[in-house]
Structure formats: structure tokens, C-alpha cells
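# Examination of the molecular architecture
If you want the building blocks of each chain, they are given just below.
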Amino acid sequence: RKEVEQDPGPFNVPEGATVAFNCTYSNSASQSFFWYRQDCRKEPKLLMSVYSSGNEDGRFTAQLNRASQYISLLIRDSKLSDSATYLCVVSSPSSNTGKLIFGQGTTLQVKP
Amino acid sequence: DAGVIQSPRHEVTEMGQEVTLRCKPISGHNSLFWYRQTMMRGLELLIYFNNNVPIDDSGMPEDRFSAKMPNASFSTLKIQPSEPRDSAVYFCASRSPGQTQYFGPGTRLTVL
């Protein structure tokens with residue numbers, strides 16, 4: 001079983017749609033959680049951290065369910081520019097140097 | 001403010017040749033990570049350094065791969081001899097304590 005699992009998609013949605021991505025992680029001792037965004041042929045970039053109480057950044061909402069070991073990302077009013085691959089990322093609990101474990105990514109295509 | 005710098009950005013070489021990839025982390029960051037990304041395997045951590053010391057090289061695929069960090073502002077990843085299956089995008093990332101990782105633009109390696 002992979003340490004971080006995501007549905008690879010692709011998710012094809014029209015502009016303005018709301019889309020949600022889910023992710024599960026295997027190690028209950030993980031402490032930090034993130035969503036990264038990766039555009040085609042570019043490097044991954046931090047989109048947002050995920051906090052236990054849930055957090056919002058504009059059109060993006062991230063939620064964490066520690067009991068179910070489940071992370072989600074909700075994008076409202078999707079834009080063409082949201083088309084990218086979204087990586088679910090979990091910190092390794094065995095390290096204090098910031099080692100991260102990346103999911104395979106979920107691809108989003110927003111269509112006009 | 002310069003981000004993580006990697007060179008070369010693209011490398012095409014023939015099987016059996018030595019390849020050296022270079023990385024300059026963000027100034028002040030004390031952890032450095034080398035990743036490999038392929039379509040099949042996603043983003044894989046190869047090795048990471050903390051304060052220039054290798055902490056975990058369990059992701060290095062085999063003895064053909066080696067990495068060094070002679071000082072806080074420079075690291076290399078070397079493949080000798082290279083093989084076609086080493087073709088991938090190699091990312092370097094750095095981080096300071098309490099922050100997440102910032103990625104360089106990557107080196108796209110093709111081994112013929």
C-alpha cells in the first residue's frame with residue numbers, strides 16, 4: 001500500500017464548477033500536511049498547508065480528518081488557470097528535517 | 001530573492017556516460033533534498049541532507065548514484081554510468097526549519 005494515495009484522475013470540469021480531491025495516508029503518526037500544485041513541465045509549488053481545523057485560501061479549502069487519515073481539497077468557481085496536477089503531501093513522522101512523502105497527484109483540466 | 005537554482009536545465013547523454021546535476025539551495029536553508037520524477041513512479045525522494053550531512057539515502061536506486069554537499073550552498077547528484085532507465089526529471093528542494101520545501105526548476109535528463 002502506498003503511503004499517500006490519490007485518485008490520479010483526470011478530472012475534467014467546466015469553468016465555474018466546484019471540484020474536490022481526496023487523499024488518504026497510511027501513517028497515523030504523520031504531523032504535517034500540504035497540498036502542492038504542479039504545472040506541466042514545472043516544479044511542484046506549495047499551494048497550501050492543511051490544518052486540523054480546516055483552512056481556506058480564497059477559492060481553495062483544505063480539510064483534514066485525522067481519525068480517517070483523510071485529506072481533501074475543494075476548489076470553488078474553478079478557472080482555466082487551475083488546470084494542473086495537485087499533489088497531496090504528508091510529512092514523515094520519523095524525521096524532524098522536513099522529509100515529505102508525495103502522492104502521485106490528481107490531474108485537473110478545467111474546460112471553457 | 002533567488003529560489004533554488006539547478007543546472008543544467010536539460011541534459012541529453014549517451015548510455016554509459018557520467019552525468020552530474022547541480023543544485024544551489026536558497027540561502028539560509030539548512031536541509032536539501034534530491035527527487036526524481038517519472039510518469040510511472042511519480043515523485044521519489046532519493047536523498048536528503050541536513051546541515052550538509054546526508055541523513056537518509058535509502059531512496060538512491062543503486063550504487064551508480066551518488067550525492068554530495070560540500071558546503072551549505074552547493075550539492076551535486078552524480079550518475080555513473082548512466083542508463084536509459086535513469087531518464088527522468090530530477091528536482092532539488094531546500095527548506096529551513098519550520099518551513100516546507102521549495103523546489104528548483106528541475107533538470108530534465110535523457111539517456112539515449
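Residues numbered from 1 in each chain as written. Chains lettered and ligands numbered in written order. Predicted model: local features only at pLDDT ≥ 70, side-chain atom pairs only at ≥ 80, totals over all residues. Heavy atoms only, no water.

### Some points on the overall build of chain A
Of regular secondary structure, chain A possesses zero helices and 11 strands. Sequence-ordered secondary structure for chain A, helices as α and strands as β, is β-β-β-β-β-β-β-β-β-β-β. At 14 Å, chain A has a C-alpha radius of gyration in line with the 13 Å of a compact globule built from 112 residues. In terms of overall dimensions, chain A has C-alpha extents of about 45 × 30 × 25 Å along its principal axes. A buried classification covers 48% of the 112 residues belonging to chain A. Pairs at least 24 apart in sequence give 56% of the contacts found in chain A among residues at least 6 apart. For chain A, the distance from the average position of its 12 positive side-chain charges to the average position of its 10 negative side-chain charges is 4 Å. (Helix = DSSP H or I, 4+ residues; strand = E, 2+ residues; numbered from the N terminus. Rg over C-alpha atoms; globule rule 2.2 N^0.38 Å. Buried < 20%, exposed > 50% of the residue type's maximum accessible area, 1.4 Å probe, protein only. Contact = heavy atoms within 4.5 Å. Lys, Arg positive; Asp, Glu negative; His and termini not counted. Charge placed at Lys NZ, Arg CZ, Asp CG, Glu CD.)

### Quick word on the interface of chain A and chain B
For interface size, the figure often reported is the accessible area lost on association. Contacts between the two partners involve 16 residues from chain A, matched on the other side by 20 residues from chain B. Carbon and sulfur atoms supply 51% of the area buried between chain A and chain B, which totals about 1500 Å² over both sides. Across the contact surface, chain A and chain B share one salt bridge. With a shortest N-O distance of 3.0 Å, Lys99(A) and Asp56(B) are connected by a salt bridge. At the surface where chain A touches chain B, the tally comes to five residue pairs in polar contact (both at pLDDT 80 or more). Broken down by secondary-structure element, the contributors of at least two residues to the side of chain A that touches chain B are strand S4 (33–38), strand S5 (44–50) and strand S10 (100–102) of chain A. (Buried area = accessible area lost by both parts, 1.4 Å probe. Salt bridge = Lys/Arg side-chain N within 4 Å of Asp/Glu carboxyl O. Polar contact = N/O pair within 3.5 Å; in protein donor to acceptor, adjacent residues only side chain to side chain.)

### A look at the sheet that holds strand S8 (residues 74–79) of chain B
All names here are of chain B. Pairing is antiparallel across the open sheet formed by four strands, whose spatial order is S1-S3-S8-S7. Two strands in the sheet have a free side with no partner beyond their single neighbour: strand S1 (5–7) and strand S7 (65–71). Taking the axes of each pair of neighbouring strands and ignoring which way they run, one obtains an average angle of 15 degrees across the sheet. With five bridges connecting them, strand S3 (residues 19–24) and S8 associate as antiparallel partners. When the sheet's bridge partners are listed, Cys23 is paired in S8 with Ser75. (Pairing = 2+ DSSP bridges. Axes fitted to C-alpha atoms, helices over the stretch in contact; angles between N-to-C directions.)

### Some words on empty space enclosed by the protein
All names here are of chain A. According to the stated counting rule, one finds one cavity of 30 Å³ or more in the structure shown. If you add up the space inside the largest cavity, you get close to 30 Å³. Glu3, Val4, Tyr25, Ser26, Asn27, Ser30, Val90 and Ile101 together form the lining of the largest cavity. By residue class, the composition of the lining of the largest cavity is four nonpolar, three polar and one charged. (1 Å grid on protein atoms, 1.4 Å probe; cavity = no way out; pocket = protein on both sides within 12 Å on 5 of 7 lines; lining within 4 Å. Points joined across faces, edges and corners; volume = space filled by probe spheres on them. Nonpolar A, V, L, I, M, F, W, Y, C, P; charged D, E, K, R; others polar.)

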